[in-house]
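An overview of the molecular structure
Residues per chain are reported as follows:
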Amino acid sequence: MKITEQDREFMREAIRLASESVRNGGGPFGAVVVKDGEIIAGSSNSVTIDLDPTAHAEVNTIRKACRKLGTFDLSGCTIYTSCEPCPMCLGAIYWAHIDRIYYGNTRKDARAIDFADDFIYDEMDKPLDERTVPIVPLLRDEALQSFRLWSEKTDKTEY
């Protein structure tokens, strides 16, 4: 895949947002979502600022982009993120149907400054009964009711 000067500029904006975040008390991560050669949204990590463990740069940026475009489907978009996405952010990127991911720092670079996601990847490979945080099935028969309602709904918006 050919990387263009425009790709570099979009990544520089993600990196700028990451550095600005550090100066403002946030984490060292930034991201932008681009569609048709235009930045739709950009944000940084605000976990400690917002007291929200899900407030990663990619998630914040996806939320802003969806609001701006009035959709939950970011097909046709690209995300530029200052660091390789963590498992949560990668999941959000896939759920948003973003077409391509460019990243700056690697997982190993993040680990070197004490942002390590490897334990999550390791946990996902373990059987449920061997995970650090217990995952306990409960009331499945009752929970299936909402799935039945969804299956029967004729006017649903699929995603």
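Remember, predicted model here, so these are calculated numbers, not experimental data.

1. A word on the sheet that holds strand β1 (residues 30-35)
- Taken in spatial order, the 4 strands line up as β2-β1-β3-β4 in an open sheet, and their pairing is mixed. Every interior strand has two partners, whereas the edge strands, β2 (38-44) and β4 (100-105), have only one. Here the strands of the sheet are splayed against their neighbours by 15 degrees on average, with no regard to which way each runs.
- As paired elements, β1 and β2 share 6 bridges and run antiparallel to each other.

2. Overview of the pairing of β1
- Buried residues dominate β1, accounting for 5 of its 6 residues.
- Between β1 and β2, which pair antiparallel one after the other, the connecting turn spans 2 residues, and Asp36 there sits at a positive phi close to 50 degrees.

3. Section: the nonpolar core
- Core analysis: the biggest nonpolar cluster contains 17 residues, and Val33, Ile62, Ala65, Leu74, Ile79 and Ile98 have the highest contact counts within it.
- Secondary structure elements with two or more residues in this core: β1, β2, α3 (57-69) and β3 (77-83).
- The element that contributes the greatest number of residues to this core is α3, accounting for 4 residues.
- Leave out the neighbours within four places in its chain, and Ile79 touches Ala31, Val32, Val33, Glu58, Ile62, Ile93, Ile98, Arg100, Ile101 and Tyr102.
- Judged by nonpolar contacts, the second largest core, of 8 residues, contains Phe10, Met11, Ala14 and Tyr80.

4. What about a nonpolar patch on the surface?
- A cluster of nonpolar side chains, contributed by Phe72, Trp95, Trp150 and Tyr159, occupies part of the molecular surface with about 560 Å² of accessible area.
- Assignment of secondary structure puts Trp150 in helix α7 (residues 140-152).
- Taking relative accessible area as the criterion, Trp150 reaches 37% and is therefore assigned partly exposed.

5. Details of the packing of aromatic side chains
- One pass over the full model with this rule turns up 5 aromatic pairs.
- Between Trp150 and Tyr159, the aromatic rings sit 6.4 Å apart at their centres with planes inclined by 70 degrees, giving edge-to-face as the arrangement.
- Judged by its relative accessible area of 66%, Tyr159 is exposed.
- Every member of this aromatic cluster is reached through a ring pair, and the members are Phe10, Tyr80 and Tyr102.
- Taking NZ or CZ as reference, Arg107 lies 4.0 Å from the ring centre of Tyr121, over its face.

Parameters and conventions
- Residues numbered from 1 in each chain as written.
- Predicted model: local features only at pLDDT ≥ 70, side-chain atom pairs only at ≥ 80, totals over all residues.
- Heavy atoms only, no water.
- Pairing = 2+ DSSP bridges.
- Helix = DSSP H or I, 4+ residues; strand = E, 2+ residues; numbered from the N terminus.
- Axes fitted to C-alpha atoms, helices over the stretch in contact; angles between N-to-C directions.
- Buried < 20%, exposed > 50% of the residue type's maximum accessible area, 1.4 Å probe, protein only.
- Core = buried A, V, L, I, M, F, W, Y, C linked by side-chain atoms within 4.5 Å.
- Contact = heavy atoms within 4.5 Å.
- Patch = residues over 30% accessible without salt bridge, like charges linked within 9 Å, V, L, I, M, F, W, Y side chains within 5 Å.
- Areas by Shrake-Rupley, 256 points an atom, 1.4 Å probe, with all protein chains shown as cover.
- Salt bridge = Lys/Arg side-chain N within 4 Å of Asp/Glu carboxyl O.
- Phe/Tyr/Trp six-rings, centres within 6.5 Å; stacked < 30°, edge-to-face > 60°.
- Lys NZ or Arg CZ within 6 Å of the ring centre and 35° of its normal.

Honestly, it's all geometry; don't read function into it.
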